[in-house]
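# Inside the fold
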Protein chains: 4
Amino acid sequence: MKQTAILLLHCPDQKGIISEVTRFISDNRGNIVYLDQYVDQVDGMFFMRIEWELDGFLIPREKISDYISTLYSQRYQISFSLYFSDKRPRMAIFVSKLSHCLYDLLARWKSGEWDVDIPCIVSNHEDMRYVAEQFGIPYYVFSINKDHSNKAEVEAAEMELLRKEGVTFIVLARYMQILSDEMIAAYPHHIINIHHSFLPAFIGAKPYHQAYERGVKIIGATSHYVTAELDAGPIIEQDVTRITHKDTPESLVLKGRDLEKIVLSRAVSKHIERKILTYKNKTIIFS
Amino acid sequence: MKQTAILLLHCPDQKGIISEVTRFISDNRGNIVYLDQYVDQVDGMFFMRIEWELDGFLIPREKISDYISTLYSQRYQISFSLYFSDKRPRMAIFVSKLSHCLYDLLARWKSGEWDVDIPCIVSNHEDMRYVAEQFGIPYYVFSINKDHSNKAEVEAAEMELLRKEGVTFIVLARYMQILSDEMIAAYPHHIINIHHSFLPAFIGAKPYHQAYERGVKIIGATSHYVTAELDAGPIIEQDVTRITHKDTPESLVLKGRDLEKIVLSRAVSKHIERKILTYKNKTIIFS
Amino acid sequence: MKQTAILLLHCPDQKGIISEVTRFISDNRGNIVYLDQYVDQVDGMFFMRIEWELDGFLIPREKISDYISTLYSQRYQISFSLYFSDKRPRMAIFVSKLSHCLYDLLARWKSGEWDVDIPCIVSNHEDMRYVAEQFGIPYYVFSINKDHSNKAEVEAAEMELLRKEGVTFIVLARYMQILSDEMIAAYPHHIINIHHSFLPAFIGAKPYHQAYERGVKIIGATSHYVTAELDAGPIIEQDVTRITHKDTPESLVLKGRDLEKIVLSRAVSKHIERKILTYKNKTIIFS
Amino acid sequence: MKQTAILLLHCPDQKGIISEVTRFISDNRGNIVYLDQYVDQVDGMFFMRIEWELDGFLIPREKISDYISTLYSQRYQISFSLYFSDKRPRMAIFVSKLSHCLYDLLARWKSGEWDVDIPCIVSNHEDMRYVAEQFGIPYYVFSINKDHSNKAEVEAAEMELLRKEGVTFIVLARYMQILSDEMIAAYPHHIINIHHSFLPAFIGAKPYHQAYERGVKIIGATSHYVTAELDAGPIIEQDVTRITHKDTPESLVLKGRDLEKIVLSRAVSKHIERKILTYKNKTIIFS
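Note that the structure is predicted; figures quoted are calculated from it, not measured. (Residues numbered from 1 in each chain as written. Chains lettered and ligands numbered in written order. Predicted model: local features only at pLDDT ≥ 70, side-chain atom pairs only at ≥ 80, totals over all residues. Heavy atoms only, no water.)

### A word on the interface of chain B and chain A
For the record, the criterion: For this analysis, residues touch if any pair of their heavy atoms sits within 4.5 Å. A 1.4 Å probe defines the accessible area here, and the buried area is the portion of it lost by two parts on being joined, summed over both. A pair is scored as a salt bridge if a Lys or Arg side-chain nitrogen falls within 4 Å of a carboxyl oxygen belonging to Asp or Glu. Any pair of nitrogen or oxygen atoms within 3.5 Å is treated as a polar contact; in protein, a donor-acceptor pairing is required on top of that, and neighbouring residues in sequence qualify only through side-chain atoms on both sides. In this text, helices come from DSSP runs of H or I with a minimum length of four residues, and strands from runs of E with a minimum of two, each type numbered from the N-terminal end. Note on residue classes: Ala, Val, Leu, Ile, Met, Phe, Trp, Tyr, Cys and Pro are nonpolar, Asp, Glu, Lys and Arg are charged, and everything else, Gly too, is polar.
Each partner contributes residues to the interface: chain B has 35 residues there, and chain A has 35 residues. Considering only the side of chain B, the residues that lose the most area to chain A are B:R214, B:K217 and B:H245, jointly responsible for 23% of the buried surface there. Linking chain B with chain A are four salt bridges, by the criterion used here. Across the pair A:E237 and B:R242 runs a salt bridge whose closest N-O atoms are separated by 3.5 Å. Applying the counting criterion to the chain B and chain A interface returns 21 residue pairs in polar contact (both at pLDDT 80 or more). Elements with a contribution of two residues or more to the side of chain B that touches chain A: strand 2 (31–40), helix 7 (207–214), strand 11 (235–242), helix 8 (249–272) and strand 13 (282–285) of chain B. When its residues are assigned to classes, the side of chain B that touches chain A shows 17 nonpolar, seven polar and eleven charged.

As structure tokens, this is what we get:
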């Protein structure tokens, strides 16, 4: 695999923007291996993901960001993020007592499906330590008191751990705690949650029981970036499965588990591949 | 096709209830051609749909209901409905300005897919008259004033028409009016609506625009029996389709149409076949 | 709606091809309203659909094709098709005895969902004449003898009709005849068929009965361009629905109808919008 | 959880069969906690799964089978299987080099989702030993020579292991070997395979590459009981996922993995719950 640069950008749509960007790379002898773009006709915004080989590219990698800023950012009002394929994202997993999402994440990582490092697993309970140990990943328990009196300290300790471990994004794999606004602000659109309903239906606690009570014929799961408002952040991925009147709350929980783990892992895949751009509380998912 | 009797019943679950009912039919020389039952373990309720040939059945058809009442209703606290296959349901369609659901209903009826009569189409606008005329079905326009000042009169006239035409159930095929509680009460769990969202998400007006704003990755449609509370009646059928960030409110409307018509027609099919039982604001859909 | 030009092209992938094409349009003052491209990394091929407003475009519409040929075709080995949004495609529908796909097509056309003309409906039977008459479209019956002795004459007459009516593509809406190679060759990748199975499973006759015999748990429908080999042309769209052991061949036929009409109409939509490119017996479907 | 008896039976359909069976249980003071039945109208066959509490049942558990044989088997031509909920099935997993299905099975088992024992994992390669060790399950490698010269010996050794470990059914979790007819005959409809296509499409090797070549728009996975004919046994479960022209053979393999593991685990769930009946190369899956 050759090393590549990945550029995610958005700006007001304007004539010639694609040819400008592609020419910048071509003229500097970058071989483009991926390009996907999309114009939001409603808002008049342009979104692009472009990836090119660094080998032979005339601009040194440490200067690329500067060049884009100087040449294009102001002129086109471009916002952009630049990544390099050899700089692997570092993922922290937060978990409470359920193993299905955790196992799904770790099994993919272990089999080499994902280009990611997992330096730590964080929990408010001891229950999942055995899974972390099966996979040889450090497991940290930070207990939050029932009255939440120590929540600020606990989060400070968690943040310190994340900093020390160079964590670039967090996955809440059925983590049954609400994060503080400060913690969310420290990882803006870099905390992925899985909610066990087809959002925006059944926000909050016990969505399968809510679904059972309402008598729906289909249940779902939703992965989204965490924002300050509960279950209201940009949706990354959703999926559903058919149920019938024969299902009980318990069978919904069981059926839902398969949805949850697949939907969460699909979202994590896209994040690791740097294929998600967020804009106005929505996601653009590149192909 | 031989004539059959169809019995839908529910009662508290108790030992021997299936054998009791099946024996009643077998002992009276009824040939059972369909049986589906279901026990709600949460509520301890028993639900059953059983169908048998009238030919050779020892109890005259006009006495069957009496016999069931006398022999079983009190003893087992059974609630039941009895239908005969040769008594076709009579369906009124209410429509406003959109043709896709209306065409789908009429095309099925015309091709003989459904054992139903359609004596009338009712609307608050002239727009769909040409469709009714294509299929030779009487079309009645009842205009409701903007200030709803004539709503009571209009509904009285509609009810009179429905009575005159012997209508047994109503289908709201994208009918953009809210029915009064009196009208709903006259057809309890016999008015089928199609709501263009995956309920309970996006209740009320402009659900596709709500879905666009929220940035969901899947949209849906829901058919349900109308009750006094808006979009909150027993759900009969739902289905969904995947969307992406590339969809606009307009493309959602287009994609949604295919969902709406199929989901509505599936619900109508089940109703015509007498395969729906309602209980506690939910539906039991027999196979 | 402003008039637009639509360019579909493919060529070997090469540096700078996107910027070359977009610059050609921008430099000549065309406002690009749609661009979607895709690189087949396996075959090293580049595919693009680009649409721009003709208003203000410096090259007269009748010269655009020439310019593209001269400037780019040889240099980049580009194959392309050029369409104009104000030149509506003309669709002939071929049908035998089943109405569900026919109604679905005509209802969409009648409601204005599609930018298409339907000058004629062709059949080998009288059965569907009433539907054509409901929609006021000329209906032509061409009877093929059981021994197929008049097949060549019949197809010649059909071809003459299609020429006279300026038909640009054909939709086989459950047409139960196999077209001759000559007829297929006259409309290369411009005849859309609906096959009532999830191809390549259950090629040929009675696919629902085949599916029933095999005991599958899901059935499907497939729309594809017709080629000389039966049911083997480029697939445009597929969809599936879940079934159970309770389904009979008859219930599969009924459930399948809903799939067939939706899958066929989705394919026809994409064809009308000029969003399909075929390459190596596959389709590229632009967004 | 109370201990239960589970009876799966089928016989020619006949009047009174349900009431006969339910009365047998009720009269002997068995509390029925589950009943699902189905009549195949095409073949005139009756299928039933019935489950009742052993506590208080008048017939001793070791005599139940005898009683059913004597009282009903001959009279109604009943074929039946009788299970007890406290006799857990014992599952052997066969695996080659891929971990995704194996992890999915073991994670469910470890979390207590399944009432099953897994005494051994069998492989033709060392690759998956680390997974077995993570979960503390004995791992046996039986190497088959490239020329298959030792296949008979190897299978004899495998069969000996299975016998010793009291294995009641086998799961082929992407096991890349074809079992001999003898081995299949020893576990009739008790070996579950996962095939990575939507059968009967793409039988045999490299189905994702076949799917890529054919240009399908949906891929699938199929779990089925193994029979002597390759990929032709009774289908238990299937599922599909949408793909586009942008997918490569490699991305199909990745997307397919999620299907494979979920479809296989759903089939294994149903088998463990004794909810599958096979008849004429099809499965009846009870609810």
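### A short note on the relation of the copies chain B and chain A
Stated precisely, the cut-off is as follows: Copy-to-copy alignment: least squares on C-alpha atoms, limited to residues at pLDDT 70 or above in both.
The transform that puts chain B on chain A rotates by 180° and translates by 0.0 Å along the axis, for an RMSD of 0.0 Å. When the rotation and shift are considered jointly, the pair of chain copies conforms to a two-fold rotation axis. Residue B:A201 of chain B places its C-alpha closer to the rotation axis than any other residue of that unit, at 2.3 Å. Most of the interface of chain B is mirrored in chain A, where 100% of its interface residues again form contacts.

### Quick look at the sheet that holds strand 11 (residues 235–242) of chain D
Residues and elements named next belong to chain D. Counted only if it meets this: One bridge is not enough; two strands pair if DSSP finds at least two bridges between them. Lines are fitted to the C-alpha atoms to define the axes, a helix being fitted only along its stretch in contact, and any angle between axes, read from their N-to-C directions, falls within 0 to 180 degrees.
Here we have seven strands laid out as an open sheet, ordered 7-6-5-8-9-10-11, and mixed in their pairing. One side of each edge strand has no neighbouring strand; the edge strands of this open sheet are strand 7 (139–141) and strand 11. This sheet shows a mean twist of 20° between the axes of neighbouring strands, independent of strand direction. Bridging between strand 9 (residues 191–195) and strand 10 (residues 218–225) involves four bridges; their strand directions are antiparallel. By the bridge assignment for strand 10, I192 is matched with Y225.

### Some details on the side chain of D:D239
This is how the line gets drawn: Summary of the burial criterion: residues with accessible area below 20% of their type's maximum are buried, those above 50% are exposed, and those between are partly exposed, where the area comes from a 1.4 Å probe applied to protein chains only.
Residue position: D:D239 is located in strand 11. For D:D239, a relative accessible area of 18% puts it in the buried group. Here the side chain of D:D239 touches D:R266 through a polar contact of 3.2 Å, side chain to side chain. Every residue in contact with D:D239, bar those within four places of it in the chain, is listed here: C:I218, C:R242, D:I219, D:G220, D:A221, D:L259, D:V263 and D:R266.

### A short note on the environment of C:A205
Residue and element names in this part refer to chain C. Among the structural elements, A205 can be located in the loop between strand 9 (191–195) and helix 7 (207–214). Overall, the relative accessible area of 61% leaves A205 in the exposed class. Placed 29 residues apart in sequence, A205 and M176 show a C-alpha to C-alpha distance of 9.6 Å.

### Notes on the interface of chain C and chain D
Between chain C and chain D, the contact holds 35 residues from the first and 35 residues from the second. Between chain C and chain D lies a buried interface of about 3,100 Å² when both sides are counted; carbon and sulfur atoms form 56% of it. Considering only the surface of chain C that becomes buried against chain D, C:R214, C:K217 and C:H245 emerge as the three largest contributors, covering 23% of it. Across the salt bridge formed by D:D239 and C:R242, the nearest N and O atoms sit 3.5 Å from each other. On inspection of chain C and its partner chain D, the count reaches 22 residue pairs in polar contact (both at pLDDT 80 or more). The element that contributes the greatest number of residues to the side of chain C that touches chain D is strand 11 (residues 235–242) of chain C, accounting for seven residues. Residue composition of the side of chain C that touches chain D, by class: 17 nonpolar, seven polar and eleven charged.

### Some points on the packing of aromatic side chains
What counts is decided by this rule: A pair of aromatic rings is counted whenever rings of Phe, Tyr or Trp (Trp by its six-membered ring) have centres within 6.5 Å, and the orientation is called stacked for planes under 30 degrees apart, edge-to-face for over 60 and tilted otherwise. For a lysine, the NZ atom is tested; for an arginine, the CZ atom; a charge sits over a ring if that atom is within 6 Å of the ring centre and within 35 degrees of the ring normal.
The tally for this structure, following the rule as stated, stands at 38 aromatic pairs over all chains. Through a chain of ring-to-ring contacts, three or more aromatic side chains come together here, namely A:F24, A:W52, A:F57, A:Y72 and A:Y76. Positioned above the aromatic ring of A:F84, the side-chain terminus of A:R61 is 4.4 Å from the ring centre. Directly above the aromatic system of C:Y34 lies the positively charged group of C:R49, at a separation of 4.5 Å from the ring centroid.

### A short note on the packing of helix 7 (residues 207–214) of chain D against helix 8 (residues 249–272) of chain D
Residues and elements named next belong to chain D. Heads up, the condition is: When an angle is under 35 degrees it counts as roughly parallel; over 145 it counts as roughly antiparallel; between 65 and 115 it counts as roughly perpendicular; any other value is oblique. Crossings are sorted by hand: turned counterclockwise from the far helix by less than a right angle, the near helix makes the crossing left-handed, and turned clockwise it makes it right-handed.
Following both chains from N to C, one finds helix 7 and helix 8 inclined at 125°, their axes separated by 9 Å at the closest point. With respect to each other, helix 7 and helix 8 are oriented oblique. The crossing of helix 7 and helix 8 is right-handed. Along the contact surface, helix 7 presents Y208, H209, A211 and Y212, while helix 8 presents P249, L252, V253, G256, R257 and E260. Per-class residue counts for the contact of helix 7 with helix 8 are six nonpolar, two polar and two charged.

### Overview of the domain arrangement of chain A
Residues and elements named next belong to chain A. Put simply, the test is: For the domain bounds, the source is a domain assignment made automatically or taken from a database.
Taken domain by domain, chain A consists of domain 1 (4–84) and domain 2 (90–285). Domain 1 puts 13 residues into the contact, and the matching count from domain 2 is eight residues. In total, domain 1 and domain 2 occlude about 950 Å² of area from one another, counting both sides; carbon and sulfur atoms represent 64% of this. Here K280 ties to D43 by a salt bridge, and the two come within 2.9 Å at their closest N and O atoms.

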